[in-house]
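A structural walkthrough
Okay, here's what each chain looks like letter by letter:
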Amino acid sequence: MLSLKNIYYHPSTAEEPILRDLCLKSNNGKITIVRGPSGSGKTTLLEIISGLSGYQKGEITWFSKTLNARQRRWLCGLVFQFPERYFLGLSVAQELRLGHKKLTTEQQISALTKVGLINLDLKKPPESLSGGQQRRLAIAVQLLRSPKVLLLDEPTAGLDWSVRYEIIELLAKLKDKQTILIVTHEPELFKNFNTDNYELHNGQLIPG
Ligand SMILES: Nc1ncnc2c1ncn2[C@@H]1O[C@H](COP(=O)(O)OP(=O)(O)O)[C@@H](O)[C@H]1O
Ligand SMILES: [Mg+2]
């Protein structure tokens, strides 16, 4: 179980604290959704959980063990908003091999299968895939690190309607293997799924 207790974050560059007294619990088996309008601090929250940002007060624990930023970077896989903009590989195979030089073709195919990409030509440039396929590839890249916690920033943004639901169904399938936390400004897409919900409001999380 991932637990955040009374997280307070006020960067010196901001007039007001972005997160204050923020508490959250997230576990396998049920996706956790954090909703909030643009500018409410959703991306900041993911940066803090994944160890990319620090915070001034509070505690982040994994099964009751307090984790520092480095440990959180190991624990978490973060899928950025519009992750396909950050593809670096010249081919799907290369994209998967970034940071995993010795990855075999079998391991690549296994990672792609987990995200529902089957019979994909590994030599294709990632940019030649459809929007939904690119989003799946970005998720596969994170799954290769076997993160215990998968964090997704607006995973449905910018996709066609039918593809949005395909991505949500994929995440619903992955939820038993890892803890999944999604931040989104379109929570209504998840209403038919059994999720734990929070609203980010004034830097705090309100359950429900
Ligand atoms: N390092 C920072 N310094 C100053 N302001 C910041 C910093 N990081 C984020 N903010 C501000 O905090 C607010 C929340 O940003 P963000 O986490 O990107 O929100 P969201 O993802 O919900 O749109 C925004 O007003 C943003 O401008
Ligand atoms: Mg954001």
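Structure: above.
So, a few notes on the structure that sits alongside this text. (Residues numbered from 1 in each chain as written. Chains lettered and ligands numbered in written order. Predicted model: local features only at pLDDT ≥ 70, side-chain atom pairs only at ≥ 80, totals over all residues.)

Below, the discussion takes up the site of ligand 1. If you check the shell around ligand 1, you find Pro11, Thr13, Ala14, Ile18, Gly36, Ser38, Gly39, Ser40, Gly41, Lys42, Thr43 and Thr44 and nothing else. Residues that form the shell around ligand 1 fall into these classes: three nonpolar, eight polar and one charged. (Near = placed C-beta within 6 Å. Nonpolar A, V, L, I, M, F, W, Y, C, P; charged D, E, K, R; others polar.)

The next subject is the sheet that holds strand S8 (residues 179–184). Hydrogen bonds between backbone groups are what pair the strands of a sheet, and the pairing can be parallel or antiparallel. Read across the open sheet, the six strands follow the order S6-S7-S8-S3-S9-S10; overall the sheet is mixed. Only two strands of the sheet have a single partner each, and these edge strands are strand S6 (76–79) and strand S10 (204–207). Put simply, the sheet's adjacent strands are angled 20° from each other on average, direction ignored. Alignment of strand S7 (residues 149–153) against S8, held across five bridges, turns out to be parallel. Residue leucine 150 lies in a different strand from S8, and its bridge partner there is isoleucine 180. Across the sheet, helix H1 (residues 42–49) touches strand S3 (31–35), S6, S7, S8 and strand S9 (195–201), and the angle it forms with S7 is around 155°. (Pairing = 2+ DSSP bridges. Helix = DSSP H or I, 4+ residues; strand = E, 2+ residues; numbered from the N terminus. Axes fitted to C-alpha atoms, helices over the stretch in contact; angles between N-to-C directions. Contact = placed C-beta atoms within 7 Å.)

Turning our attention to H1. H1 sits mainly inside the fold: six of its eight residues count as buried. Count one or two residues on from H1 and you reach glycine 51, which has phi positive near 85°. (Buried ≥ 20, exposed ≤ 12 C-beta atoms within 10 Å, placed from the backbone.)

It is worth spelling out the nonpolar core at this point. Core analysis: the biggest nonpolar cluster contains 46 residues, and Ile7, Val34, Leu45, Ile49, Ala140, Leu151 and Ile182 have the highest contact counts within it. Ranked by residues supplied to this core, first place goes to helix H5 (residues 131–143) with six residues. When near neighbours in sequence (up to four residues on either side) are disregarded, alanine 140 contacts Leu96, Ala111, Leu112, Lys114, Val115 and Leu117. (Core = buried A, V, L, I, M, F, W, Y, C linked by C-beta atoms within 7 Å.)

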